[in-house]
Amino acid sequence: YNVLQEAILPEFFTGLAALSRRGNRQASRNAWSVIDTHRRCRDNAPMAQVGLPPSVKLFCGMICAQAELFARARRRLETAFGPVDLESPVMPFDMTDYYAKQMGRNLLRRFVSFERLVRPDRLVSAKVRTNRIEADLARRYGQVTPRPINLDPGYITEASLVLATMKNFSHRIYLARGVYGDLTLMYRRGRWEKLPWTFPDYASGRYDEFLVEARRLLSARKREE
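We now turn to the structure provided with this report.

The rules we used
Residues numbered from 1 in each chain as written. Predicted model: local features only at pLDDT ≥ 70, side-chain atom pairs only at ≥ 80, totals over all residues. Heavy atoms only, no water. Helix = DSSP H or I, 4+ residues; strand = E, 2+ residues; numbered from the N terminus. Expected span 1.5 Å × (residues − 1). Buried < 20%, exposed > 50% of the residue type's maximum accessible area, 1.4 Å probe, protein only. Contact = heavy atoms within 4.5 Å. Pairing = 2+ DSSP bridges.

### A closer look at helix 5 (residues 122-141)
So, point 1. The end-to-end C-alpha separation of helix 5 is 28 Å, in line with the 28 Å expected for 20 residues at 1.5 Å each.
So, point 2. Within helix 5, burial applies to Leu123, Val124, Ala126, Lys127, Val128, Thr130, Ile133, Glu134, Asp136 and Leu137.
So, point 3. Considering only its buried residues, helix 5 is in contact with strand 1 (56-64), helix 3 (68-81), strand 5 (149-156), strand 6 (160-165), strand 7 (173-176) and strand 8 (179-188).

And the structure:
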């Protein structure tokens, strides 16, 4: 599983990105040849059996204009997902004005990750739960702006970062209950790497310190299990 993610998917997605930019048929063939080569190398291997995927580390990104809401949201998130084991510093969220109409200007960003490891399919229920928490916080604290806080859950594996979203797009995979998975970053050569569609703030590297530490905690927890 990790070998596939680390060694094959990057080249595959790079090829598809080239195809989308240039309409190049050769780029498409190159992308699929990566998968075909991997398959041919394992033609004599037995069919893979159904099994449980590796556990992942759940995290949540928060955006708001009122810093005091971070603590309130964290308490609600811990009730839903268990203890927080890592919290980022508060950072400016200033690389887009996408949320300005709903949330105002001078937005702030903070991340938390959760101690308890989960299966990847928990991402669907996590997104549904954070939407409910966000809606409740809007009812309580939405006097100034209609959306006082934005909660975006995702998970980290040792090879990738996946965000949950309710919005479809060409590179997103439908999961269930209206939730899509967005492969946002890949971990290669000892660092987080962006993809052609990665959000500018994630692509900037400003979150890497938190994400590297979260990945380290994930690896340490897996060794304990």
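This is not the end of the story, as more comes after the structure.
### Some details on the pairing of strand 8
So, point 1. Counting buried positions along strand 8 yields 10 of 10 residues, so the element is predominantly enclosed.
So, point 2. Both strand 6 and strand 8 contribute to a ladder of six bridges, which runs antiparallel. Looking across to strand 8, one finds that Thr165 is bridged to Tyr180.
So, point 3. As judged from the three bridges shared by strand 7 and strand 8, these two strands associate in the antiparallel manner.

### Quick look at the environment of Leu151
So, point 1. Tracing the backbone through its elements, the reader meets Leu151 in strand 5.
So, point 2. As a C-alpha pair, Leu151 and Phe111 span 40 residues in sequence and 9.6 Å in three-dimensional space.
So, point 3. Setting aside residues no more than four positions away along its own chain, Leu151 makes contact with Cys60, Gly61, Met62, Ala73, Leu77, Lys127, Thr130, Ile133 and Glu134.

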